[in-house]
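Here is how the chains run, residue by residue.
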Amino acid sequence: MSERCYCEVADLAEARSELDEIRHHLHKHPELSYEEADTSRFVADKLEAWGYAVTRNVGGHGVVASLKVGTGARTVGVRADMDALPIQELTGLDYASVHEGKMHACGHDGHTTVLLGAARQLAKTRHFDGTVHLIFQPAEEAGSDSGAVRMIADGLFERFPCEAIFGLHNHPGVPTGTFGFRAGPLMAACDTVKLRIHGKGGHAARPHLAVDPVLVGSSIVMALQSVVSRNVDPNEAAVVTVGAFRSGHAPNVIPEDAVLEMSVRSFSPDVRATLEARIRALAESQAQSYGATVEIDYIRGYPVLINSEAETAFARQVAEELVGPEHVIAPFPPIAGSEDFAYYLQKIPGCFVRLGNGEGKPMLHNARYDFNDENLTIGAAFWTRLVERFLARDRT
Ligand SMILES: [Zn+2]
Ligand SMILES: [Zn+2]
């Protein structure tokens, strides 16, 4: 047994039709963040049938499935997300969503199935020594107070101690089955800012008697362009995008107020703090200079996702063994999207992995997106091998 090699993609071939079926079932029945009751039950029932010790309702609809083999004291966690998005599906697939206005447009149906595939394989071969915790997380798309936050608050790492945690996300635009790794910051912190500018409404012909919030808002938008260009180190990346500017209804009326909404993204805690300080200062001083006032609602979203060095090198090695270095991109370029896996990495070391979903395919959160089923066995073999290697019997 000790001579046996670690899991290969071919070992999962016999599971492919079952995994396709599971993925299509999940895709057909998507549930939004905080509503994953059926998905959660479906997942937990399967894991129980495969012999896992299953804990339900961790931080909401979260499920943790644990399997201990041998006497080893080592532990590892692997996480998949389970929630869908409020999008009306336009794929026309025979397993398209039957839930009006809800869709698995981020591939969490695929991530869940990949981890179930690994669960099935690990329980079958039991080729490791230690404890694996498979973490099925709800509400990744929630934006704040998400599933990761709630599972951690519900004692995830105290109840299910993990030396390290791993997770993956599919990546449209990269060839199917190609893995991407980056140590350090991989995905951005994403904050949302709402500004409400209070001016003084009046007649368009008597601007001197009014305080025009449209002018104040325009001035703030222009001033904000200096934040990334003048306040952030050119070697660092950041985004300040004003995505909404709403004010007024008529050409001959100066409105009372204006609303600006923006998305603010960064790849380090320092840059994140600088952006907030500058946005607040510019909004307040610009408004004040025109005699207006501004209310600032600064909503901090997911933090920067920072992969630890050793675990990223380890996960990369596992992928190189599995699919060959020619199917591994490292370092993978940073991604301006955000992901609540970042919260786990604030607690323990680990790595968030990207897995190509194919070139020329619709992007994430698109109504025509679909997870690539070719990745089901590749992803499941990757998690299986990663757990086997992390909890290796002969590890010194
Ligand atoms: Zn998403
Ligand atoms: Zn996602």
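Described below are features of the structure shown in this document. Since the structure is predicted, the reported quantities are computational estimates derived from the model, not experimental observations.

Conventions used here
- Residues numbered from 1 in each chain as written.
- Chains lettered and ligands numbered in written order.
- Predicted model: local features only at pLDDT ≥ 70, side-chain atom pairs only at ≥ 80, totals over all residues.
- Heavy atoms only, no water.
- Salt bridge = Lys/Arg side-chain N within 4 Å of Asp/Glu carboxyl O.
- Helix = DSSP H or I, 4+ residues; strand = E, 2+ residues; numbered from the N terminus.
- Buried < 20%, exposed > 50% of the residue type's maximum accessible area, 1.4 Å probe, protein only.
- Pairing = 2+ DSSP bridges.
- Axes fitted to C-alpha atoms, helices over the stretch in contact; angles between N-to-C directions.
- Contact = heavy atoms within 4.5 Å.
- Parallel < 35°, antiparallel > 145°, perpendicular 65-115°, else oblique.
- Left-handed = near helix turned anticlockwise from the far one by under 90°.
- Nonpolar A, V, L, I, M, F, W, Y, C, P; charged D, E, K, R; others polar.
- Donors = N, O, S within 2.8 Å, 3.2 Å for Na, K, Ca; no water.
- Tetrahedral: all angles 85-135°; square planar, octahedral: opposite > 155°, others 65-115°.

**Side note on the pattern of salt bridges**
Link 1 in the chain: What the rule picks out here adds up to 27 salt bridges.
Link 2 in the chain: The shortest N-O distance in the salt bridge between Glu14 and Arg120 comes to 3.3 Å. Note that Glu14 is positioned in the segment before α1 (16-28) and Arg120 in helix α3 (residues 108-125), a separation of 106 residues in sequence.
Link 3 in the chain: Taking the relative accessible area as the measure of exposure, Arg120 reaches 16% and is therefore buried.
Link 4 in the chain: Note that Glu339 is salt-bridged to Arg79, the shortest N-O span being 2.7 Å. Linking Glu339 in the loop between β15 (328-329) and α9 (341-347) with Arg79 in strand β3 (residues 75-81), this pair joins segments that are 260 residues apart in sequence. As far as the burial class goes, Glu339 and Arg79 line up, both buried.
Link 5 in the chain: Taken together, the shared-partner salt bridges in this structure form one network comprising Glu8, Glu321, Arg385 and Arg389.

**Re the sheet that holds strand β12 (residues 257-266)**
Link 1 in the chain: Strands sit in the order β10-β12-β8-β13 across an open sheet of four strands; the sheet is antiparallel. Strands with a single pairing partner mark the edges of an open sheet, and in this sheet they are β10 (238-247) and β13 (293-300). Strand after strand, the sheet turns through a mean of 15 degrees between neighbouring axes, direction not considered.
Link 2 in the chain: Sheet topology places β10 next to β12; nine bridges connect them, and they run antiparallel. Of the residues in β12, the one forming a bridge with Ala238 is Ser266.
Link 3 in the chain: Against the sheet, helix α6 (residues 213-231) engages β8 (189-198), β10 and β12, with an angle of about 175 degrees to β10.
Link 4 in the chain: Each of β8, β10, β12 and β13 is contacted by helix α7 (residues 269-289), which is oriented at about 165 degrees to β13, the strand it contacts most.

**Brief notes about the packing of α1 against helix α2 (residues 37-49)**
Link 1 in the chain: Where α1 meets α2, the closest approach of the two axes is 11 Å, and the angle between their N-to-C directions is 160 degrees. Judged by the angle between their axes, α1 and α2 are roughly antiparallel. α2 is crossed by α1, and the crossing has right-handed handedness. Contacts between α1 and α2 involve Ile22, His25 and Leu26 on the former and, on the latter, Thr39, Phe42 and Lys46.
Link 2 in the chain: Here the residues of the contact of α1 with α2 are counted per class, giving three nonpolar, two polar and one charged.

**A few points about the coordination of the zinc ion (ligand 1)**
In ideal tetrahedral geometry, four donors around a metal make angles of 109.5 degrees, whereas ideal octahedral geometry with six donors gives angles of 90 or 180 degrees.
Link 1 in the chain: Around the zinc ion (ligand 1), the protein supplies Cys106 (SG), Glu141 (OE), Glu141 (OE) and His365 (NE2) as donor atoms, at distances of 2.0 to 2.8 Å.
Link 2 in the chain: One can describe the site at the zinc ion (ligand 1) as irregular: its four donor atoms subtend angles covering 51 to 150 degrees at the metal.
Link 3 in the chain: Considered as a linear motif, the donors of the zinc ion (ligand 1) on their single chain read C-x34-E-x223-H.
Link 4 in the chain: The metal-metal distance between the zinc ion (ligand 1) and the zinc ion (ligand 2) is 3.1 Å, with Cys106 serving as a donor to both. Of this pair, Cys106 sits in the loop between β3 and α3 while His365 sits in the loop between β16 (350-356) and α10 (374-390), and the two are 259 residues apart along the sequence.

**Concerning the side chain of His133**
Link 1 in the chain: Structurally, the position occupied by His133 is in strand β4 (residues 130-137).
Link 2 in the chain: Assessed through its relative accessible area of 6%, His133 is described here as buried.
Link 3 in the chain: Those residues in contact with His133, other than ones at most four positions away along the chain, are Val64, Ala65, Ser66, Val76, Gly77, Val78, Phe160, Pro161 and Cys162.

**Describing the coordination of the zinc ion (ligand 2)**
Link 1 in the chain: At the metal site, the zinc ion (ligand 2) is ligated by Cys106 (SG), His108 (NE2) and His169 (NE2), and these contacts range over 2.1 to 2.3 Å.
Link 2 in the chain: When the donors of the zinc ion (ligand 2) are listed by position in the chain, the intervening gaps give C-x1-H-x60-H.

**Description of the sheet that holds β15**
In sheet architecture, strand pairing relies on hydrogen bonds along the backbone and comes in two forms, parallel and antiparallel.
Link 1 in the chain: The mixed open sheet is built from eight strands, whose spatial order is β1-β2-β4-β3-β5-β16-β6-β15. Where the open sheet ends on each side, the last strands, each with one partner, are β1 (53-58) and β15.
Link 2 in the chain: Where strand β6 (residues 179-180) lies against β15, two bridges are found, and the strand directions are parallel. Looking at the pairing, Gly180 lines up with Ile329 of β15.
Link 3 in the chain: Each of β1, β2 (62-69) and β4 is contacted by α2, which is oriented at about 165 degrees to β1, the strand it contacts most.

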